[in-house]
Amino acid sequence: MSEARRNLLSEILRQAVTVIIVLGVLFVLAAIGHTSEDQLIGAFTNFFRNPVNLSIFAPILGAVTLMFINHRKHGTLRGWALVFTAIPLVITAGLWLGWWDVLGRLFSPTSFLGETMRVWMRFVPSFEGFNYFLDRNWIDILNVHYIVGLDGLSFPLFLMTAFISVLACIASFGIKERVKEYFILYLLLVGGMLGVFAALDYFLFYVFWEVSLVPMYFLIGIWGGPRRMYAAIKFFLFTLFGSVFMLVAIITMFLFAGVGTFSMIELADAPGIASAMVGYRLLMFGGFFLAFSIKVPLFPFHTWLPDAHVEAPTPISVILAGILLKMGSYGYMRVLYPTFPDLGYWLGAFIGLLAVVSIIYGAMVAMVQPDLKKLVAYSSVSHMGFIILGIVSMNPDGFNGAILQMIAHGLGTGALFLLVGVIYDRTHTRMIKDLGGLMITMPRFAFVMYIAALSSLGLPSLIGFWGEFLIIKGTFASNAVWQQVIAWGVQGDALMRIYAVIAAIGIVLTAGYILWMVERVMLGREHPRWKGLPDMIAREYWALVPIAVFIVFFGLYPRPLMRMFEFFSGALAEKVLIMF
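A. Looking closely at the overall build of the chain. Helices and strands together make up the secondary structure of the chain, namely 26 helices and 4 strands. The burial tally for the chain puts 59% of its 580 residues in the buried class.

Below, the structure written as structure tokens:
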């Protein structure tokens, strides 16, 4: 046997031993609190049999695995990181497309794989209930449970998180320094983000929320740009400030609910919360509102975002825009409006005002940015304002548009940040005035840039159009909920129509800065300084082409996405209408 083959087999053996050790540690952790052998085996099998649970902990398991790999083996580290990041995508895509239903027929019903495949059935959207629900005691003294599950709101965001995480992991192959530490933190971040969208216990939700905060701080602070520490600390302080108020709101809810649990499902309809004094209810609502609005970010809580985006490495900017911001808007739809529909109703005029200010302000500031990455960053402020406006409308079209816009923004803006990274890797500048004519120099890059940019401005036939269209339609037609409200001397339904018109103006401004950006960066004569620049390489193709394909496909045929969440949107709107 040759020396090279022996070294290869030795490396495979080491990796297999590493995985076995990690699985053993995970088995011990899963077995805590159980006594008999049958209970130990049951805890182990139940842990891995639930697809949501396995998807959340696969990246965390990967982070532990990477600790045992030599820090000099960059290729091995990247490969294992991609494998553990891809596991949630493979599982979740199978749940959506029904792969596991087909595979389940190949195994005996009494085997472990056969029973697992029966649990991993196709995702079925419905008005009530959660798919892949798991409820286990966690901290008995506080009556905290480990509860996870996916419904029409969380499933598409869970799937998008898994998808974007894989693409950002591929883009991270360009990281050259401290590769091991980078991917360990990256995998912890992915696990935390997936946990946020699946958690159905407030205590667990808060834990995952904070788990996603810490790795992001280090990823910006260590691998970011020249002002990385300033941006990382600013991001950390803003987010932690909101998290503290959210923790206060969670504790207050627990004390007033009278049900003795942190379960989101039970607290959403707890009579103790509905009958609490207005001051306490405002405290609970305000704590969640502040935490989620900072994460969105909604004006005027947005000031941390441009610095974090500009200084973060390109893959982390993709994660930040594509996933982390959606945690805030997800919180609005998972916590604020289902639990406090009356306060969301009466305070909707104020929240809607902040949303339209975010739309116009973000677009106008983006228009004057000399830095290409900062332009894309401020565009996120504007696009996230649309999402909050759709939620404030409190009707099915607005809710559907908000969820669809979350996905559209995650794909489109994520692609734009990757494209900015491609430019910076070759030119070492992001200044728009220094660029020009890149369509001639890099035609394949230009093609993907056009798709992502035109989707961001809401061009029909691309995914960015449908979310904004439904949001404006829902806001304009929200009189079914708002007609009895008087805000600042204006009838509620008239006020929402004013907001819809302002949002439509925001679309015009978005078209202005996007087209101007494309004209200055891509068109014109070929810049002599950039003549001969290489077009996209394989790693960049793998990261960008899938996004471009889905932007076009779902732009032409959004039905597969909307089928997932339209039941949830209808149920939430019905709950509001019944109350008022």
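B. Quick look at the pattern of salt bridges. Inspection of every chain in the model, using the stated rule, returns 10 salt bridges. Close ionic contact of R227 with D307 constitutes a salt bridge, the shortest N to O distance being 3.6 Å. Residue R227 is found in the loop between α9 (202-223) and α10 (228-257), and its partner D307 is found in helix α14 (residues 304-311); the two are separated by 80 residues along the sequence. Taking the shortest distance from any N to any O, the salt bridge between D342 and R281 comes out at 2.5 Å. Of the two residues, D342 is situated in helix α16 (residues 341-346) and R281 in helix α13 (residues 278-295); the sequence distance between them amounts to 61 residues. Taking the relative accessible area as the measure of exposure, R281 reaches 6% and is therefore buried. Connected through salt bridges with shared partners, the residues R227, K234 and D307 form a single ionic network.

C. Broad picture of the nonpolar core. F288, I319, Y332 and M333 are the most contacted members of the largest nonpolar core, which totals 201 residues. Considering each element in turn, this core owes the most residues, 16 residues, to helix α19 (residues 396-427). If near-sequence neighbours (up to four positions away) are discounted, I319 is found in contact with I164, S165, A168, Y186, L189, M193, M216 and L324.

D. View of unusual backbone geometry. With an omega of -10 degrees, the peptide bond running from V296 to P297 counts as cis. The residue P297 is located in the loop between α13 and α14 in this model. Phi at M394 is positive, roughly 60 degrees, even though this residue is not glycine. Structurally, M394 can be placed in the loop between α18 (372-393) and α19.

E. Seen up close, helix α17 (residues 348-367). In this model, α17 (20 residues) spans 28 Å end to end at C-alpha, consistent with the 28 Å of a helix rising 1.5 Å per residue. The element α17 is extensively covered by neighbouring structure, given that 14 of its 20 residues are classed as buried.

F. Spatial organisation of the environment of D425. Along the chain, D425 falls in helix α19. Residue classification places D425 among the partly exposed residues on the basis of a relative accessible area of 46%. C-alpha separation for the pair D425 and G174, spaced 251 residues apart in sequence, amounts to 9.4 Å.

G. Seen up close, the packing of α9 against α13. Packing of α9 against α13 brings their axes to within 14 Å, and their N-to-C directions diverge by 30 degrees. As summarised for this structure, α9 and α13 are arranged roughly parallel, according to the angle between their axes. Crossing handedness for the pair α9 and α13: left-handed. Residues Y202, F205 and W209 of α9 form the contact with α13, whose own contacting residues are F288, A291, F292 and K295. Looking at the contact of α9 with α13, its residues break down into 6 nonpolar, no polar and 1 charged.

H. View of α19. When the terminal C-alpha atoms of α19 are compared, their 46 Å separation across 32 residues agrees well with the 46 Å that a helix rising 1.5 Å per residue should span. In terms of residue burial, α19 counts as a mostly covered element, since 28 of its 32 residues are buried. Of the residues one or two after α19, H428 is the one with positive phi, at around 60 degrees.

I. Inspection of the side chain of T510 at higher detail. With respect to the helices and strands, T510 occurs in helix α24 (residues 492-522). There is a polar contact of 2.8 Å between the side chain of T510 and the backbone oxygen of G506. Leave out the neighbours within four places in its chain, and T510 touches A363, S382, H383, S456 and L457.

J. Highlighting the environment of V552. Mapping V552 onto the fold places it in helix α25 (residues 538-556). Judged by relative accessible area, V552 falls into the partly exposed class, the value being 29%. Spatially, the C-alpha atom of V552 lies 9.4 Å from that of A452, the residues being 100 residues apart in sequence. Setting aside residues up to four positions removed in sequence, V552 forms contacts with I451, S461 and L462.

About the thresholds
Residues numbered from 1 in each chain as written. Predicted model: local features only at pLDDT ≥ 70, side-chain atom pairs only at ≥ 80, totals over all residues. Heavy atoms only, no water. Helix = DSSP H or I, 4+ residues; strand = E, 2+ residues; numbered from the N terminus. Buried < 20%, exposed > 50% of the residue type's maximum accessible area, 1.4 Å probe, protein only. Salt bridge = Lys/Arg side-chain N within 4 Å of Asp/Glu carboxyl O. Core = buried A, V, L, I, M, F, W, Y, C linked by side-chain atoms within 4.5 Å. Contact = heavy atoms within 4.5 Å. Expected span 1.5 Å × (residues − 1). Axes fitted to C-alpha atoms, helices over the stretch in contact; angles between N-to-C directions. Parallel < 35°, antiparallel > 145°, perpendicular 65-115°, else oblique. Left-handed = near helix turned anticlockwise from the far one by under 90°. Nonpolar A, V, L, I, M, F, W, Y, C, P; charged D, E, K, R; others polar. Polar contact = N/O pair within 3.5 Å; in protein donor to acceptor, adjacent residues only side chain to side chain.

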